[in-house]
Structure formats: structure tokens, C-alpha cells
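Close look at the chain arrangement
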Amino acid sequence: MIYHDPQILEKANAWLQDNFDSQTQEQIKELIAHNPDGLEDSFYKNLEFGTGGMRGVMGPGTNRINKYTLGKNTQGLAQYLKKQFPQQQLKVAIAYDCRHNSDTLAQIVADVFSANGIQVYLFSALRPTPELSYAVKHLGCHCGIVLTASHNPPEYNGYKVYWQDGGQLVPPQDKEIISIINSLDFSEILFQSNPELIQLIDTALDNAFINDSVSNVSFNTTAAVKENLSIVFTSLHGTSITIVPEALKRADFTDVHIVEEQALPDGNFPTVSSPNPEEPAALKMALDLGEKVKADIVIGTDPDCDRLGIAVRGDDGKLQLLNGNQTMILMTEYLLERFRESETTYNAPFVGSTIVSTPMMEQLATSYNVECKTGLTGFKWIAKMIKDHPEQHFIGGGEESFGYMVGDFVRDKDAVTATLLACTIAAEAKANKLTLFEKLKTLYVKHGFYKEILIALVKKGKKGAEEIKQTMIDLRANPMESIDGSTVTVIEDYLTSTRKNVISGNSTVMNIPQSNVLIYYLENGSKVAARPSGTEPKIKFYLSVNQALTSVADYDSISAILEQRINGIKSALGV
């Protein structure tokens, strides 16, 4: 006899009522009869908003992405909008990616908004996530939704909410909306569409977005210099194929080779085990094509086109992948240099980064007398920096997870504009007989050689979530005094907003929103951060080490020393 947790079974039985369609009811009955573990995972909690919105496996249940969980989100959001903007004709924009059911779910979300009397601008086909952020501002919408699960596995989908400024929701707004959502019953969702309030958008908005993307990274680089750069591009079966090739063309990059086997949008992502440009295997086909055509740069974007992975020629002449921190440094340095050369005067300029990204961003900004604001993980916090400081000029910002944002015309990480920027930097470097890798090494000489690595441990399901929770509890209850022989000097706990100087014993309060993150700073300048992922069943460890680099010639020897230090930290952490 199959045993079911009574609370889980009660939640599941509620989905066998007439409010739910027959297909959903049959799926629930199948879980009850044959799959108790699957039933538990489908109902043991409600899906929550994380660093990148709400993501989850598709299927029936409160812990799944389906028409009812997203319908309830949308109904709650509609009621919140009416409360926040009384007597206004509300407008929302909706986009979706290549994932299974994204188009269907986007239509359901549009139906619910329209049923609540809200004007909907729905993209006619899949589009990059940054274009949705752009559309919210461009069309004067009150909010926006994109149906995407970024680079998660094929069984996932997700729901990201953007506000009037084009940035994602941040506290306390998200909690206010979640409170309304949680107070609703599924029977209160208005699914009956009002087609008169749904307007399809496509080419006109595409043109505006592409033109603004091109102009935003136009730094008087000549067409001849750009045409001399050989580029390989892959969309990894995602949305970027709809925009990036045309954007490159309008920006005068003509020598572009597309990985055709990965150009067709496909939610199964058939040519990769994971469509994540952070993982080297995802770019193998692009790298192979790059070697074949002797490309100067290889670029791959994730399915919703907000992250990008880059490979450039290394010292041995072969294509070498850059990590997200390295890409961010190259892009930021270029923008800061162009900013310094500009004849326009800007008030209080700044760049943005995150607490788990490379500390080199701070060093770089300081060298240009520009402020570096550091926020929590997730681009919604960089967008919030811009919103909270309208008196300051935002130059650009990034995070270690392969995301970058150029200027503020889009308020989210944007692989369209970042692709154009990367190619511009590479083209100018080539014109000066340099590769981006060589350019990066010169920055290490100027600002210190910083080397980072991310370790992500997958812990699936309810059991995995409990293991992740316990790991963080243990790290707090038994803080490490030294790591790989180097004394811990400072511990930052973002859950309690405290920064403790371990040497003196003094603690100070950090003026930053709470988040489940721990950061250890070591006597030798190393940095170790731990945090559960906000979008995947993972716990992540971010390791950063650094040392002075006196000359480019010493790169290999210092790199080996830093690699040894990273391995020592990994061993000490048991990861």
C-alpha cells in the first residue's frame, strides 16, 4: 500500500475539484496512484519568487509551473496593479521564450490580464527577455511578464515580473504581491479572455529595440574595423536568433558565422546537455566552427538571451573561454575608458556589480574615479540602483553569472547589446594587433590578477532543499576560523545583515536587503561566498583569489599559484 503524507494528499485532493480541468485531474490521480514521491514534490510547497523570478518544473501542483499557478500569480498581480494605479487604464507587456508551453502559458497570462480589464501587448512570437524590459518602458506599461526559465533544463519554465522602470520586482513589492496571490483561491482566477484588450506586437518594436541597442554601443568604431572581425555566433536553440544576427548586421559586423545546427528554437535543446553558456560543453559546436573558420571571437547566448558566453584566442592561438567575471571586467574597462574620453559631463557616474562577483570591479572603478555600487545577486538589484539614484549616471554593470547591462535603456542583463559591445571591443583590439585575452592580462597588471571559480552542487527535490538549508545552518553555527591555512578576518552574513570583524570581535550592520548569503574574507585577500540558488536546486560556492602581477610575462606562473590556492580552498570546504 502506498503511503501519502496527509497534508500532501489534502492539497492534491483540492486539485480534483471542478475548478481544475480534466487533464490536470487525471495527472493528479496518476500521481496519487503510482508516484508518491512525485506527488510530494508537486505539492510540498508553493513556488516562490527567487533571484530571477519564479521558475519550476512544469506539471500539476502548487510547486509546479502550470496554468493555475501562473493564472493565480497573474490574478493577484492584476489586483495589485488596480490598487497601485486607481483610475488608470492599465497596460502590460508579455513576452515568451522557446520553451515547451511558453507560448500557451503566455496566452493564458494575457487572457487573465485582459479578463481583468487590462490592456495587453503580447509579442506575436518568441523574443529575447531584454526586449521585454525594453518594451515595458517603450510602450509606457505599468508592468511586464516574460515566460522563461533561462538556462534551466527542458522540463522547466518560469514567470518573471517587471515594473514600470523595466526592472524586475524587488522587495517589498514582491512580498506585497505574493501576499495578495496567497490570499486568492484558484476559483477566483478570471480565465475568460477579452480579445479586444490584447494587441500583438512585433516588427515595429523589434526595429526600435535593435536601433537603440546599436546606438547604445556606438563609439565611433569604423565599419572597416568591424568588418575585419570574424565572429561565430550560436543562439543555443533560443530566442536570440530573432534579434542578434540583425543587430550585428546593422552595427556593421558582416563576417558572422551562425551555428546552423543550433539556430532553430527548440525547447528540447537537442544538441546540448544544458543550454547554459556558463558551461563549456554548451559552446563546443560554436568553438569547433570557430576553429574551422578561424574566428576571432565566439559568442553564445542562453535561451532567453540575457546571458552570453565568450571565447577568444589565447596565447597558443586556440579559442579560450572567458568566465563571467573576465567578460565583465573587459566590458566595464572599455566603457570607463570611453566615458573618460567623452566630452559630455555626467553627474556622479557609477558602475554596478554584485556581492559574489569579482572584487576587481571595485579596483577598476576606483582607478577611473568612478563609484562601484555593489548589490545582491540578480540584475533586479542593479536596476534598483538606477531607480534609487536618478541623480547619478549609470555607465554599465554586470555579474559573474555571464550577464551584463550597458547603460539603462534596458533594465536587465542584456545579451543583445552585450554581444555588440563584446564584438566592438574585440574589433578595436584586433585593429591594435591584440586579442581580448591579451587585453585582459594588461588589466591584471594594472589592477591585480583576480581569479574566480564557481562550484554549484545540485540538490533536487524536498530532500535536496533540506540539505541545502542545513548546509547554510551549519556554516552559520560553526563558522570557519581559517581556510586552507589562511585566517578568516571578516564574515558577512546577509541573512542577519551583519559584518563581523573576526579579529577584533566587532560587528557592524550592513545597509543591504536580507539574503541567504555568507561571505568569508581571508587574511591573504581571498574571498569565499556561499548561497543557495534562487532559481535552481543548487547550493553555490564562489571562490575568489588574487595576487599582484608585475608583468604580462609572469601570467602563467602567477596563474598556477592562484589555481593552487583555489584547489586548497576547495579541499578545505570539501567541495
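Reference entry: report on the structure contained in this document. (Residues numbered from 1 in each chain as written. Predicted model: local features only at pLDDT ≥ 70, side-chain atom pairs only at ≥ 80, totals over all residues. Heavy atoms only, no water.)

Re the nonpolar core
Going by this rule: For the purposes of this section, nonpolar cores are sets of buried Ala, Val, Leu, Ile, Met, Phe, Trp, Tyr and Cys residues that join through side-chain atoms within 4.5 Å. For every residue, the accessible area obtained with a 1.4 Å probe (protein chains only) is divided by the maximum for its type, and the residue is called buried under 20%, exposed over 50%, and partly exposed between those limits. Runs of E in the DSSP output that reach at least two residues are strands. Runs of H or I that reach at least four are helices, and both are numbered from the N terminus. By definition in these notes, contact holds between two residues if any of their heavy atoms fall within 4.5 Å.
With 95 residues, the main nonpolar core has Ile297, Ile310, Met331 and Leu421 as its most contacted residues. For this core, the leading source of residues is helix H15 (residues 415–431), giving 11 residues. The contact partners of Ile310, leaving out residues within four places of it in the chain, are Ile297, Val298, Ile299, Gln320, Leu321, Leu322, Thr327, Met331 and Ala422. Membership of the second largest hydrophobic core comes to 49 residues, among which are Val92, Ile94, Cys98 and Leu126.

Things to note about the layout of surface pockets
Let me state the cut-off plainly: Here the term cavity refers to a set of points on a 1 Å grid, laid over the protein atoms alone, in which a 1.4 Å probe fits but cannot get out; the term pocket refers to an open set having protein on both sides within 12 Å along at least five of seven lines, with lining residues being those that place an atom within 4 Å of a point. Grid points are joined across faces, edges and corners, and a volume is the space filled by probe spheres set on the points. Just so you know the grouping, Ala, Val, Leu, Ile, Met, Phe, Trp, Tyr, Cys and Pro go in nonpolar, Asp, Glu, Lys and Arg go in charged, and all remaining residues, Gly too, go in polar.
The volume enclosed by the second largest pocket comes to roughly 830 Å³. Looking at the lining of the second largest pocket, the elements with two or more residues in it are strand E10 (308–313), strand E11 (319–321), helix H12 (324–341), strand E16 (449–458), strand E22 (527–532), strand E23 (538–547) and helix H18 (555–573). Its residues assigned to classes, the lining of the second largest pocket comprises 20 nonpolar, 12 polar and 10 charged.

As for the environment of Arg99
Quick note on the threshold: Contacts described as polar in this section are N or O atom pairs within 3.5 Å, which, within protein, must combine one atom able to donate a hydrogen with one able to accept it, while residues neighboring in sequence count only if both atoms come from side chains.
Its place among the elements puts Arg99 in the loop between strand E2 (91–96) and helix H5 (102–115). On the basis of relative accessibility, which here comes to 3%, the residue Arg99 falls in the buried class. Sequence-wise, Arg99 and Leu147 are 48 residues apart; in three dimensions their C-alpha atoms are separated by 8.6 Å. For Arg99, the contacting residues outside a window of four places in its chain are Ala149, Ser150, His151, Asn152, Pro153, Pro154, Tyr156, Asn157, Gly267, Phe269 and Pro303. For Arg99, the side chain forms a polar contact with the main-chain oxygen of Pro153, separated by 2.8 Å.

Brief notes about the environment of Pro265
Structurally, Pro265 can be placed in the loop between strand E8 (256–258) and helix H11 (284–293). In this structure, the C-alpha to C-alpha distance between Pro265 and His237, residues 28 residues apart in sequence, is 4.2 Å. The residues touching Pro265, leaving out its near neighbours within four places in the chain, are Cys98, Leu126, His237, Gly238 and Ile241.

What to know about the packing of helix H2 (residues 22–34) against helix H3 (residues 36–43)
For any two helices packed against each other, one specifies the inter-axial angle together with the distance between the axes. Worth spelling out the cut-off: Helix axes are fitted only over the stretch in contact, all axes being lines through C-alpha atoms; the angle between N-to-C directions runs from 0 to 180 degrees. Every angle not falling under 35 degrees, over 145, or within 65 to 115 is termed oblique; those three ranges are roughly parallel, roughly antiparallel and roughly perpendicular.
Contact geometry for H2 and H3: axes closest at 6 Å, N-to-C directions at 130°. As the angle between them shows, H2 and H3 are arranged oblique. For the pair H2 and H3, the contacting residues are Ile28, Leu31, Ile32 and His34 in the first and Pro36, Gly38, Leu39, Ser42 and Phe43 in the second. Looking at the contact of H2 with H3 residue by residue, the classes come out as six nonpolar, three polar and no charged.

What about the sheet that holds strand E5 (residues 156–163)?
Selection rule: Pairing between two strands is assigned when DSSP locates at least 2 bridges connecting them.
Here we have six strands laid out as an open sheet, ordered E1-E5-E4-E2-E3-E6, and mixed in their pairing. The open sheet terminates on both sides in strands that have one partner only, identified here as strand E1 (54–57) and strand E6 (198–201). Strand after strand, the sheet turns through a mean of 20° between neighbouring axes, direction not considered. Bridge count between E2 and strand E3 (residues 119–123): four bridges; the pairing is parallel. The partner of Val92 across the bridge, within E3, is Val120. In this fold helix H4 (residues 67–84) packs onto E1, E2, strand E4 (143–147) and E5, with an angle of close to 5° to the strand it touches most, E5.

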